[in-house]
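What follows is each chain in one-letter form.
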Amino acid sequence: MNKYNTLFGQLLSFIPRPEFERLRRNCESDKYCKEFNAWNELAVMIFAQITDQNGLRSTANALNSQHSSFYHLGIRKNISK
């Protein structure tokens, strides 16, 4: 098990999670969500922007190749397009 925080995790730590959860509840953005919640979507979209991904397939492949590093971000399952 990794005992360090990745650079991406440190970047996401600037977003206050309680404030994000409060906004999510107010907007009901996870109302019909089963597994892939708003926090996971935000993390994936930020990752795609930072790494300059060209599409969903390249984003999913890049995240799934480093899946063991993202367990601490709350992304527990493989990303599919």
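Residues numbered from 1 in each chain as written. Predicted model: local features only at pLDDT ≥ 70, side-chain atom pairs only at ≥ 80, totals over all residues. Heavy atoms only, no water.

Draft legend 1. Spatial organisation of the layout of surface pockets. Empty space within the largest pocket amounts to approximately 320 Å³. Elements that contribute at least two residues to the lining of the largest pocket include exactly helix H3 (38–50) and helix H4 (56–65). Among the elements that line the lining of the largest pocket, the one with the most residues is H3, at four residues. Of the residues that constitute the lining of the largest pocket, the class distribution is seven nonpolar, five polar and five charged. (1 Å grid on protein atoms, 1.4 Å probe; cavity = no way out; pocket = protein on both sides within 12 Å on 5 of 7 lines; lining within 4 Å. Points joined across faces, edges and corners; volume = space filled by probe spheres on them. Helix = DSSP H or I, 4+ residues; strand = E, 2+ residues; numbered from the N terminus. Nonpolar A, V, L, I, M, F, W, Y, C, P; charged D, E, K, R; others polar.)

Draft legend 2. Quick peek at the confidence of the model for the chain. When pLDDT is averaged along the chain, the result is 82; 91% of the residues meet or exceed 70. Within the chain, helix H2 (residues 17–27) carries the highest mean pLDDT (91), whereas helix H1 (residues 7–12) carries the lowest (84). (pLDDT = per-residue confidence, 0-100.)

Draft legend 3. Summary view of unusual backbone geometry. One non-glycine residue, Glu 28, adopts positive backbone phi at about 55°. With respect to the helices, strands and loops of the structure, Glu 28 is situated in the loop between H2 and H3. Given a relative accessible area of 48%, Glu 28 falls into the partly exposed group. If you check the backbone angles, Asp 52 has positive phi at about 55° while not being a glycine. When you line up the elements, Asp 52 lands in the loop between H3 and H4. On the accessibility criterion, Asp 52 (63% relative accessible area) is exposed. (Buried < 20%, exposed > 50% of the residue type's maximum accessible area, 1.4 Å probe, protein only.)

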